[in-house]
Amino acid sequence: MSWRRWLAMGEVELSCLAYVKMYLHACLFPRCSVNGLLLSSSPAGGAVCVTDCVPLLHTHLPLAPITQLALTQVDVWCAQTQQRIVGYYQANACVSDSSPTPCALKIADKIAEQCNNAVLLMIDGGKMSPDYRVPPIVMYERKDTRWTLKDKHTIMLRQWEETRDIASQLLDSGDHSLLVDFDSHLDDITRDWTNQKLNAKIAELASPANGNV
């Protein structure tokens, strides 16, 4: 089955950019729970194409005022850049636990109010080795009022080996420290939570000139 036909079935595609930034966010704060928002530059309806993400917090995840402030600012930025919020991601501090927390479910519910096919993605910290053969993620979809596990065969990350290698390169070079989450931005408002420098670095590593797509 071609990927275009597969996407027409209304499933989920995760971009290299989105995955690498989520992965680096978890690696940058290994002893903390981290979370963020999943974005799409594709129109609503049909497949969910997660094209980017915004890393949010690495402290006090359940703190509602900070989360609401972040959601509002990201929403405004998305409107200016023709993007929309299509989901939520989280990595728990306990690497053996990849279950959604009450905080994760609450924020995902809020996103689902605006996006019918929103997704909830949990990073499986126990499977985040550099040579792991499949993406260390667990994805949920909302059915009626419950978040249920999504069939792993309906989740696509093209060029997984290349994406995994880019994440490893950025870790090895120390460039993962370029990542700025909303927490860090609140500590120093000159730091860019949209991560344009890191985005450019990932795009450079993923370019055809470097043998990737």
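A quick note: this is a predicted structure, and the numbers were derived from the prediction, not measured. (Residues numbered from 1 in each chain as written. Predicted model: local features only at pLDDT ≥ 70, side-chain atom pairs only at ≥ 80, totals over all residues. Heavy atoms only, no water.)

Caption draft 1: Structural view of the overall build of the protein chain. Across its full length, the protein chain holds 7 helices and 9 strands. Taking the principal axes of its C-alpha atoms as reference, the protein chain extends roughly 45 × 40 × 40 Å. Scored against the burial criterion, the 213 residues of the protein chain give a buried share of 49%. Within the protein chain, contacts between residues separated by at least 24 positions form 68% of all contacts whose residues are at least 6 apart in sequence. Total accessible area on the protein chain stands at roughly 10700 Å², and carbon and sulfur atoms take up 53% of it. One finds the centroid of the 19 positive side-chain charges in the protein chain at a distance of 5 Å from the centroid of its 23 negative side-chain charges. (Helix = DSSP H or I, 4+ residues; strand = E, 2+ residues; numbered from the N terminus. Buried < 20%, exposed > 50% of the residue type's maximum accessible area, 1.4 Å probe, protein only. Contact = heavy atoms within 4.5 Å. Areas by Shrake-Rupley, 256 points an atom, 1.4 Å probe, with all protein chains shown as cover. Lys, Arg positive; Asp, Glu negative; His and termini not counted. Charge placed at Lys NZ, Arg CZ, Asp CG, Glu CD.)

Caption draft 2: The arrangement of the packing of helix H5 (residues 160-173) against helix H7 (residues 196-205) in detail. Where H5 meets H7, the axes come as close as 10 Å, and the angle between the chain directions of the two elements is 125 degrees. One finds that H5 runs oblique with respect to H7. For the pair H5 and H7, the crossing hand works out as right-handed. Only Leu198, Lys201, Ile202 and Leu205 of H7 make contact with H5, whose side of the interface consists of Ile166, Gln169 and Leu170. Considered class by class, the residues forming the contact of H5 with H7 number 5 nonpolar, 1 polar and 1 charged. (Axes fitted to C-alpha atoms, helices over the stretch in contact; angles between N-to-C directions. Parallel < 35°, antiparallel > 145°, perpendicular 65-115°, else oblique. Left-handed = near helix turned anticlockwise from the far one by under 90°. Nonpolar A, V, L, I, M, F, W, Y, C, P; charged D, E, K, R; others polar.)

Caption draft 3: Structural detail: the sheet that holds strand S1 (residues 12-14). Spatial ordering of the open sheet is given by S3-S1-S9, a layout of 3 strands whose pairing is parallel. The sheet is open, and its two edges are formed by strand S3 (48-50) and strand S9 (155-156), each paired on a single side. (Pairing = 2+ DSSP bridges.)

Caption draft 4: Layout of the pattern of salt bridges. Scanning the entire structure with this criterion turns up 9 salt bridges. Across the pair Glu11 and Lys150 runs a salt bridge, and its minimum N-O distance is 3.5 Å. One end of the pair, Glu11, is in the loop between helix H1 (3-8) and S1; the other, Lys150, is in the loop between strand S8 (146-149) and S9, and 139 residues separate them in sequence. Using a relative accessible area of 11% as the deciding quantity, one classes Lys150 as buried. Between Lys143 and Glu141 there is a salt bridge, and its shortest N-O distance comes to 3.7 Å. Each of Glu11, Glu141, Lys143 and Lys150 takes part in salt bridges that share partners, so that together they form one network. (Salt bridge = Lys/Arg side-chain N within 4 Å of Asp/Glu carboxyl O.)

Caption draft 5: Structural context of the packing of helix H2 (residues 16-28) against H5. Interaxial distance between H2 and H5 falls to 10 Å at its minimum, and their mutual angle equals 40 degrees. Between H2 and H5, the crossing angle belongs to the class labelled oblique. Considering only the axes of H2 and H5, their crossing is right-handed. Each of Cys16, Tyr19, Val20, Tyr23, Leu24 and Cys27 in H2 lies in contact with H5, whose residues at this interface are Trp160, Thr163, Ile166, Ala167, Leu170 and Leu171. Class assignment for the residues of the contact of H2 with H5 results in 11 nonpolar, 1 polar and no charged.

Caption draft 6: Structural context of unusual backbone geometry. Located in the positive-phi region is His60, a residue other than glycine, with phi close to 50 degrees. Tracing the backbone through its elements, the reader meets His60 in the loop between strand S4 (52-57) and helix H3 (64-80). Within the chain, Asp144 stands out as a residue other than glycine whose phi angle is a positive 60 degrees. By the secondary structure assignment, Asp144 is in the loop between strand S7 (137-143) and S8. Exposure remark for Asp144: the relative accessible area of 75% places this residue in the exposed category.

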